[in-house]
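Commentary on secondary and tertiary structure
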Amino acid sequence: MRRSRRIATVIALTLTAAGAAVVMTSTAAVAADLSVSQALAAQDGRSASVVGYVVGQPTATNTVLRSGFTGDTALALADSASETGTSRMLYVQITAAYRAQFGLQTNPSVMGRRLVVAGQLTAYFSHGGLKSPTSVAFAGTVPTGSPTSSPTTGPTGPVETYYAAAAGKTGTALRNALHGIIKTQTKLTYDQVWDALKDTDQDPNNSANVILLYSGRSQSKSTNGGGANDWNREHVWAKSHGDFGTATGPGTDVHHLRPEDVSVNSARGNKDFDLGGSAVSEAPGCLTDSDSFEPRAAVKGDVARMIMYMAIRYEGDDGWPNLEINNSTANGSAPYIGKLSVLLQWNQQDPPDAFERRRNDRIYATWQHNRNPFIDHPEWAAAIWG
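This section reports on the structure supplied with the text. Note that this is a predicted model, so its numbers are computed, not measured.

Reading guide: rules and limits
Residues numbered from 1 in each chain as written. Predicted model: local features only at pLDDT ≥ 70, side-chain atom pairs only at ≥ 80, totals over all residues. Heavy atoms only, no water. Pairing = 2+ DSSP bridges. Helix = DSSP H or I, 4+ residues; strand = E, 2+ residues; numbered from the N terminus. Axes fitted to C-alpha atoms, helices over the stretch in contact; angles between N-to-C directions. Parallel < 35°, antiparallel > 145°, perpendicular 65-115°, else oblique. Left-handed = near helix turned anticlockwise from the far one by under 90°. Contact = heavy atoms within 4.5 Å. Nonpolar A, V, L, I, M, F, W, Y, C, P; charged D, E, K, R; others polar. Buried < 20%, exposed > 50% of the residue type's maximum accessible area, 1.4 Å probe, protein only. Core = buried A, V, L, I, M, F, W, Y, C linked by side-chain atoms within 4.5 Å.

1. A look at the sheet that holds strand S9 (residues 202-203)
- Overall, antiparallel pairing links the three strands, which are arranged S9-S10-S11 in an open sheet. If you trace the sheet from one side to the other, it starts and ends with S9 and strand S11 (218-220), each paired once.
- Inspection of the sheet shows S9 paired to strand S10 (residues 206-211) by two bridges, in the antiparallel sense. Paired with Asp 203 across the bridge in S10 is Asn 206.

2. Notes on the packing of helix H5 (residues 190-200) against helix H9 (residues 354-367)
- Put simply, H5 and H9 touch, their axes get as near as 9 Å, and they point 135° apart. By the angle between their axes, H5 is oblique relative to H9. In the crossing of H5 with H9, the sense of the turn from one axis to the other is right-handed. Only Phe 355, Arg 358, Arg 359, Arg 362, Ile 363, Thr 366 and Trp 367 of H9 make contact with H5, whose side of the interface consists of Gln 192, Asp 195, Ala 196, Leu 197, Asp 199 and Thr 200.
- Its residues assigned to classes, the contact of H5 with H9 shows five nonpolar, three polar and five charged.

3. Concerning the pairing of strand S16 (residues 283-288)
- Bridge count between strand S15 (residues 278-280) and S16: three bridges; the pairing is antiparallel. Bridge assignment links Ser 278 to a residue of S16, and that residue is Thr 288.
- In this structure, S16 lies alongside strand S17 (residues 292-294), joined through two bridges in antiparallel fashion. Bridge pairing links Thr 288 to Phe 293 in S17.
- In textbook terms, the turn of a hairpin is the stretch between consecutive antiparallel strands, and for S16 and S17 this stretch comprises three residues.

4. Section: the pairing of strand S6 (residues 90-93)
- Judged by which residues are buried, S6 turns out to be covered on both faces: Leu 90 and Val 92 on one side and Tyr 91 and Gln 93 on the other are all buried.
- Note that strand S5 (residues 74-78) and S6 share four bridges and pair antiparallel. Directly across from Leu 75, in S6, lies its bridge partner Val 92.
- The sheet contact formed by S6 and strand S8 (residues 129-138) spans two bridges and is parallel. Among the inter-strand pairings, Tyr 91 is bridged to a residue of S8, identified as Gly 129.

5. Notes on the packing of helix H7 (residues 300-313) against helix H8 (residues 340-349)
- Two numbers describe how H7 lies on H8: the axes approach to 7 Å, and their chain directions differ by 125°. Classed by the angle they form, the pair H7 and H8 counts as oblique. Crossing geometry of H7 relative to H8 is assigned as left-handed. Contacts between H7 and H8 involve Lys 300, Gly 301, Ala 304, Arg 305, Ile 307 and Met 308 from the first element and Leu 343, Leu 344, Trp 346 and Asn 347 from the second.

6. Remarks on the nonpolar core
- Residues Leu 178, Phe 273 and Trp 385 are the most contacted members of the largest nonpolar core, which totals 45 residues.
- At the level of secondary structure, the elements contributing two or more residues to this core comprise helix H3 (158-162), helix H4 (171-182), S16, H7, H8 and helix H11 (380-385).
- Formed by 24 residues, the second largest nonpolar core is a distinct cluster that contains Val 36, Ala 42, Val 50 and Leu 75.

This is the structure:
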């Protein structure tokens, strides 16, 4: 099969034979980027550019780490960000010039990102690979031949590259763009959620503890379970609102699962969110009545943004219910949750703090490899729901 070629003006930093970076500008015929599957079928030593998602760190022919990275010298690419089969991965050598920016141990947030890598298609770890790279770049950015700094995680760096498809959009167009971005994720089992929460909700002042969402209490990570005063897994979007249970999918999506005291979790039950009610035992600042629950002030925005994430992530196109926010507190088992007007108010009153931003980063870097856009851009809530 003949691959198309494109005529383009190429502006890039590339490596000389001595390893120095030079700027090159030329008009040339540039071969189209290969997919990972195409690169695996072309292991003949040719030079090529390959585009794919980072899915882990290869350590042996059939072994790829997806978290707990131990080095910066290699990464695996695949055509899908959720790929787990090593036979469908391309092992990429990361030489010294690229490790500060693309090595997974130093930059775990690279996991799940889409890269374009140019180099020699040849076996690496006795596996289909790419060696001696001459350029590495996040897809959609200018390639760099000698990166010297870590990726920026602020609003002008890779986070904004992640949201490139949503730039300048509003309303339905923004909603559709964000859904397309965040639906690419690694899915966890319900058992894996325990370990994820011990990481994502770690007490910043005590690494042995987690912070409980509604209670605000710092509690030992080891006290998870179902007994009195244990903590368990609270579904902020109540799983009965759509009947998705705890099967892999919305029932195990860590963006809306949080540690909570067993009895407080029970007190919230499957109620919608609204203002008012009676005080909740063991959860200072929380109120509840017959059909709604009001969290403490410090996490009102957190709750709102988790609900908004779920409504955008699950649109009914991947076998799960189409989750929607409405202005009701009587939704029962329908795939709806409320109260929209109150959630929009909470999003404004309680903007993302360092704990919430770290949590989003950890889910992206280590667990699901997707982000909650309303933590990165709280203003998008009004742009979608008005």
